[in-house]
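So the chains spell out like this:
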Amino acid sequence: MDKGAAMREVAGGEGRGGYSWVMWGTASIVLNFSDVAKVRSQCQKQAMASNPNLKPIYNTFTGTMRVIVKEEGIGGLLLPGMGASILRELSYSSIRLGLYPIVKRAIGTDDEHGDVGLAPKIAASLMTGALGSAIANPTDRIKIMIQQEAGLVDPKTGRYITGLAKGSKPSFNGTFAAFVKIYRTEGFLNGLYRGVGPTVVRAALLTCGQMASYDHAKHLFKRHGILNEGFSLHFSCAIIAAVVANTMCAPADLVKSRYMADRAGASPVYKSAIDCLIKTVRAEGIRGLYIGYTASLYRLGPHFVAT
């Protein structure tokens, strides 16, 4: 790869930053339904432990979506947590995807094919994913808190009549109100940065699975003449990256969702992220760590293709 080509890759398409933000924000809006379904199914057992009157109604991805639409309308599936999701995507994706090619070139050296090799790609994706998620953790916490308690509110009683928080009053009036309330009631580290450990692990594994597998698969396909540069190459590599990334990060994603959804109050369900992991495996087995896998794949696949 000549120096000019390398610089163009590092720049990541200079001048298209605004387009990238619009794309990531649009992807968050369009694919938010899959996040809502995923969080409901992931946090159901946790909610049932606190409220024995709840029934296990969120079982499969399609089944969860049907239940939500039937009880709450299409808005109940599309809207919860959308504001926080957009804020998260604009910060988290900008950092990890923007820094990846720069870090990759900084720690690796081109071979005769203009490729730095798999090891620098893995290292760069782990570092940039961890950094982006650590900075964006408050938006992730708010998104999950809003999505896991969302439901239909009875206008007479002001309480939820559907969802995992059935019988309770809404905790938040909006995205920014949620930021303020969690900060005031739970603090900065225990509140806005609750779950940063599993969040960083999940994002590092996801970015590694996405960027390293996409980047290397594209290199191998082109090198061996399987596919040439173009839509088919990018689409195929994006699907491969989505499957690899989702499989790698699914357990950390479940622990992150459950631990973040747990309030840091007087009687939380989980004492720590490790405690959440242990209790989940003991109660539900290893398969329990992959609850929400399909919903997550439905989000990551189109998102990676668009990116």
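In this report, we go over the structure that sits alongside the text. (Residues numbered from 1 in each chain as written. Predicted model: local features only at pLDDT ≥ 70, side-chain atom pairs only at ≥ 80, totals over all residues. Heavy atoms only, no water.)

**Looking at the overall build of the protein**
Then, number 1: Regarding its fold elements, the protein presents 13 helices and zero strands.
Then, number 2: Helices and strands in the protein line up, N terminus first, as α-α-α-α-α-α-α-α-α-α-α-α-α.
Then, number 3: Since a compact globule built from 307 residues should have a radius of gyration of about 19 Å, the 20 Å found for the protein is in line with a globular shape.
Then, number 4: Dimensions of the protein along its principal axes, counting C-alpha atoms only, are 70 × 40 × 35 Å.
Then, number 5: With 307 residues in all, the protein has 49% of them scored as buried.
Then, number 6: The contacts in the protein between residues at least 6 apart in sequence include a share of 73% that link residues at least 24 apart.
Then, number 7: Distance between charge centroids for the protein: 8 Å, based on 35 positive and 21 negative side chains. (Helix = DSSP H or I, 4+ residues; strand = E, 2+ residues; numbered from the N terminus. Rg over C-alpha atoms; globule rule 2.2 N^0.38 Å. Buried < 20%, exposed > 50% of the residue type's maximum accessible area, 1.4 Å probe, protein only. Contact = heavy atoms within 4.5 Å. Lys, Arg positive; Asp, Glu negative; His and termini not counted. Charge placed at Lys NZ, Arg CZ, Asp CG, Glu CD.)

**With respect to the nonpolar core**
Then, number 1: Within the largest apolar cluster, 18 residues are counted, with the highest numbers of intra-cluster contacts made by Phe33, Phe61 and Met65.
Then, number 2: Among the elements of the structure, helix H3 (32-50), helix H4 (61-72) and helix H11 (231-261) are those that each provide at least two residues to this core.
Then, number 3: Per-element accounting of this core gives the leading share, six residues, to H3.
Then, number 4: Apart from residues no more than four positions distant in its own chain, Phe33 is found in contact with Phe61, Met65, Leu77 and Leu78.
Then, number 5: Counting 11 residues, the second largest nonpolar core, distinct from the first, contains Ala203, Ala238, Ala245 and Cys249. (Core = buried A, V, L, I, M, F, W, Y, C linked by side-chain atoms within 4.5 Å.)

**Overview of the packing of aromatic side chains**
Then, number 1: Applying the stated rule across the entire model yields six aromatic pairs.
Then, number 2: Ring centres of Phe188 and Tyr193 lie 5.2 Å apart, and the angle between their planes is 45°; on these two criteria the pair is classed as tilted.
Then, number 3: Clustering of aromatic rings is evident, with ring pairs tying together Phe33, Phe61 and Tyr298.
Then, number 4: Its end group placed over the ring of Tyr259, Arg194 keeps NZ or CZ at 4.0 Å from the ring centre. (Phe/Tyr/Trp six-rings, centres within 6.5 Å; stacked < 30°, edge-to-face > 60°. Lys NZ or Arg CZ within 6 Å of the ring centre and 35° of its normal.)

**So, the pattern of salt bridges**
Then, number 1: Taken as a whole and assessed by the stated rule, the structure comprises 19 salt bridges.
Then, number 2: The shortest N-O distance in the salt bridge between Arg299 and Asp35 comes to 3.5 Å. Residue Arg299 is found in helix H13 (residues 293-306), and its partner Asp35 is found in helix H3; the two are separated by 264 residues along the sequence. As far as burial versus exposure is concerned, Arg299 and Asp35 are alike and both buried.
Then, number 3: Note that Arg141 is salt-bridged to Glu186, the shortest N-O span being 3.0 Å. A residue pair is termed long-range when its members are at least 10 positions apart, and Arg141 in helix H7 (residues 118-149) and Glu186 in helix H8 (residues 175-186) qualify at 45 residues.
Then, number 4: Relative accessible area serves as the criterion here: at 0%, Arg141 is assigned to the buried category.
Then, number 5: Each of Asp35, Lys38, Arg88, Glu89, Asp140, Lys143, Arg202, Asp253, Lys256 and Arg299 takes part in a single network of salt bridges with overlapping partners. (Salt bridge = Lys/Arg side-chain N within 4 Å of Asp/Glu carboxyl O.)

**Remarks on helix H12 (residues 273-284)**
Then, number 1: Given a rise of 1.5 Å per residue, 12 residues ought to cover 16 Å, and the 16 Å separating the end C-alpha atoms of H12 matches this to within 8%.
Then, number 2: Along H12, the positions that sit buried rather than exposed are Ala273, Asp275, Cys276 and Thr280. With its buried residues spanning 150° around the axis, H12 presents them on a single face. Away from the buried face of H12 by more than 90 degrees, exposed residues Ile274 and Arg282 are located.
Then, number 3: Lining the buried residues of H12 we find helix H10 (196-223) and H11.
Then, number 4: Directly after H12, the chain includes Gly285, whose backbone phi takes a positive value near 80°. (Expected span 1.5 Å × (residues − 1). Arc of directions from axis to C-beta.)

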